[in-house]
Amino acid sequence: MFTPFTTAILNHHATTPSFDGPVTQTLNCTDFDSAEKEISNWDGYAETPLFDLPGLARNLGIRDLRYKHEGPRFGLGSFKALGGAYAVLRTVQRELSKSIGKLADPADMRCGLYAEQTKTITVISATDGNHGRSVAWGAVQFHTNCRIYIHAEVSEHRADVMRKLGAEVIRVDGDYDATVAQTRADAEKHGWLIVSDTSWPGYTQPPLDVMAGYGVMAREIVQSYATPPTHVFLQGGVGGLAAAVTAVFHQEWGLDAPRVVIVEPELASCLFASAKANRAANVEISEETIMAGLSCGEPSELAWLVLADAAHDFVTIPESIVGPMVRMLVDGACGDAPIEAGESGVAGLCAVVAAAKQPALRRKLRLDANSSIVVIGSEGVTDPNVYAKIIAGEI
Ligand SMILES: Cc1ncc(COP(=O)(O)O)c(C=O)c1O
């Protein structure tokens, strides 16, 4: 069962965090408070489960291992439900204030008090699936129009889910980064509002709102621990998830916060490249990874600032261990509770298992019998067709 993990080739790059500002200032406590206050009042809000995996932990020779399962989040399948929808609220609220002269109460916006005005607003975003689903859902909650841009490799199933939420879905030639470029051009031309999960020079507020929304998940984790875990393994696309969790953990636990290990597909490792270059760096995506949500060649500049300040390790994983991990989880490996997880959702856990099984990496990441590890199961089964192929052993 563990052979793919013991033989997998992982790249590792270590850095020394300086904790000298961005981790507490770029994403601040007040923004996380506001997001928590708002999102916890939405219909359907429920804390997601933090599963203990004691059987796997024993097998890996570590103290404990917990898996934050984001599959049930607002019925949207992933942690992204927290970010995009919340950023839609804030973006529309700011736009609306121009015509009503004040920041509208979100509850009034939700119940449609300003629908006449918000229906003239269009929010747009690039996505490889999960962020767009959240933005489309947010547009329904806050009564605006929505256009979502997807790249050539995004599955029709993912596109359909967004259409069913009322979004117009536009397929763009090229990869994720090409879709981001297209949203920028179209927003400028038509006056549409971009709600992106990635930032670039001059565009920062919506990505900050997105990350503030993710903080809800990180705070749920914090509340479940009497003493902080020693390690957190965080998968990275543009880095927003990892930055939000790192910032919340650091704000809550200070220097006792866990060691932060960033995990990316080898095929899309822009944060790894950034760590090596010591600045935000892009990579060319020559082949799409199975981990669709992590297929990003350009880091979010804001997220990178936080990770450059507070992450310890950057690791890339090969495609070969993703299918085996999804199957191990649903089989309830080592006697643990079975969990249904999507390809991007298991990336952090893939790195934990491979690192724990490979003595050199185990040493580098300081994993031992006292290690207490938390991972984010960032998605459930968001694409049933891909999941069926994985379960059938075709991937
Ligand atoms: C399931 C899942 N996990 C992780 C990520 C990575 O998040 P980020 O792009 O903020 O690094 C994504 C991004 O789309 C995702 O969909």
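Residues numbered from 1 in each chain as written. Predicted model: local features only at pLDDT ≥ 70, side-chain atom pairs only at ≥ 80, totals over all residues. Heavy atoms only, no water.

Next up on the list: the packing of helix α5 (residues 80-100) against helix α8 (residues 130-141). Axis separation between α5 and α8 bottoms out at 7 Å; the angle between their running directions is 45 degrees. Relative to α8, the element α5 is oriented oblique. Viewed along their axes, α5 and α8 form a crossing whose handedness is right-handed. Of α8, the residues touching α5 (which contributes K80, A81, L82, G83, G84, A85 and V88) are N130, H131, S134, V135, W137, G138 and A139. Its residues assigned to classes, the contact of α5 with α8 comprises 7 nonpolar, 6 polar and 1 charged. (Axes fitted to C-alpha atoms, helices over the stretch in contact; angles between N-to-C directions. Helix = DSSP H or I, 4+ residues; strand = E, 2+ residues; numbered from the N terminus. Parallel < 35°, antiparallel > 145°, perpendicular 65-115°, else oblique. Left-handed = near helix turned anticlockwise from the far one by under 90°. Contact = heavy atoms within 4.5 Å. Nonpolar A, V, L, I, M, F, W, Y, C, P; charged D, E, K, R; others polar.)

Taking burial as the measure, the 6 residues of strand β3 (residues 64-69) include 5 buried ones, the bulk of the element. With 3 bridges connecting them, strand β2 (residues 50-52) and β3 associate as antiparallel partners. Within the sheet, the bridge partner assigned to F51 lies in β3 and is Y67. Pairing geometry for β3 and strand β11 (residues 372-377), over 6 bridges, is parallel. The residue bridging K68 from the neighbouring strand is I376, located in β11. (Buried < 20%, exposed > 50% of the residue type's maximum accessible area, 1.4 Å probe, protein only. Pairing = 2+ DSSP bridges.)

Quick look at the nonpolar core now. Membership of the largest hydrophobic core comes to 77 residues, with the highest contact counts inside it found for V123, M211, F249 and I262. When residues of this core are assigned to their parent elements, the largest contribution, 10 residues, is made by helix α11 (residues 205-224). Looking at this core, you find at least three residues from each of domain 1 (3-79 + 214-391) and domain 2 (80-206). Look past the residues within four positions of F249 in its chain and what remains in contact with it is A218, I221, V222, V232, G254, A257, P258 and V374. Listed in part, the 45 residues of the second largest apolar core include F2, V263, I339 and A355. (Core = buried A, V, L, I, M, F, W, Y, C linked by side-chain atoms within 4.5 Å. Domains from an automatic or database assignment.)

It is worth spelling out the pairing of strand β10 (residues 313-317) at this point. Burial runs high along β10: 5 of the 5 residues are buried. Side chains D313, V315 and I317 of β10 all project onto a buried face; the interleaved residues F314 and T316 project onto the opposite face, where all are buried too. In terms of strand pairing, strand β1 (residues 11-14) meets β10 through 4 bridges, oriented antiparallel. If you follow A14 over to β10, its bridge partner there is D313.

Turning our eyes to something else, we now look at unusual backbone geometry. Backbone geometry at F19 places phi at a positive 50 degrees, although glycine is not the residue there. Here F19 lies in the loop between β1 and α2 (22-25). Although it is not a glycine, N278 sits at a positive phi angle of roughly 65 degrees. For N278, the position within the fold is in the loop between α13 (270-277) and α14 (301-310).

Time to look at the domain arrangement of the chain. Split by domain assignment, the chain resolves into domain 1 (3-79 + 214-391) and domain 2 (80-206). Relative placement of domain 1 and domain 2: their C-alpha centres are 25 Å apart. Domain 1 puts 34 residues into the contact, and the matching count from domain 2 is 30 residues. Taking both partners together, domain 1 and domain 2 bury about 2800 Å²; carbon and sulfur atoms supply 58% of that area. Remark: the boundary between domain 1 and domain 2 carries 3 salt bridges. One salt bridge in this structure joins R158 and D383, with 3.9 Å as the shortest N-O distance. Our count for the contact surface shared by domain 1 and domain 2 stands at 17 residue pairs in polar contact (both at pLDDT 80 or more). (Buried area = accessible area lost by both parts, 1.4 Å probe. Salt bridge = Lys/Arg side-chain N within 4 Å of Asp/Glu carboxyl O. Polar contact = N/O pair within 3.5 Å; in protein donor to acceptor, adjacent residues only side chain to side chain.)

Turning our eyes to something else, we now look at the site of the ligand. Lining the immediate environment of the ligand, one finds 16 residues, of which N130, G237, G239, L241 and S378 sit closest. The backbone of G240 places a nitrogen or oxygen atom 3.0 Å from an oxygen atom of the ligand. Relative to its free-state accessible area of 390 Å², the ligand is covered by the protein chains to the extent of 99%. Tallied by class, the residues present in the shell around the ligand amount to 4 nonpolar, 9 polar and 3 charged. Residues from two domains meet in the shell around the ligand; each of domain 1 (3-79 + 214-391) and domain 2 (80-206) gives at least three. (Near = heavy atom within 4 Å. Areas by Shrake-Rupley, 256 points an atom, 1.4 Å probe, with all protein chains shown as cover.)

This part takes up the sheet that holds β10. Taken in spatial order, the 7 strands of this open sheet run β1-β10-β9-β8-β11-β3-β2, and their pairing is mixed. The open sheet has two edge strands, β1 and β2, and neither has a second partner. The mean inter-strand angle of the sheet, taken between neighbouring strand axes irrespective of direction, is 20 degrees. Of the strands in this sheet, β2, β3 and β11 touch α11, which is tilted by about 145 degrees from β3. Taken strand by strand, helix α12 (residues 240-253) contacts β8 (231-235), β9 (259-265) and β11, and its axis lies near 155 degrees from that of β8.

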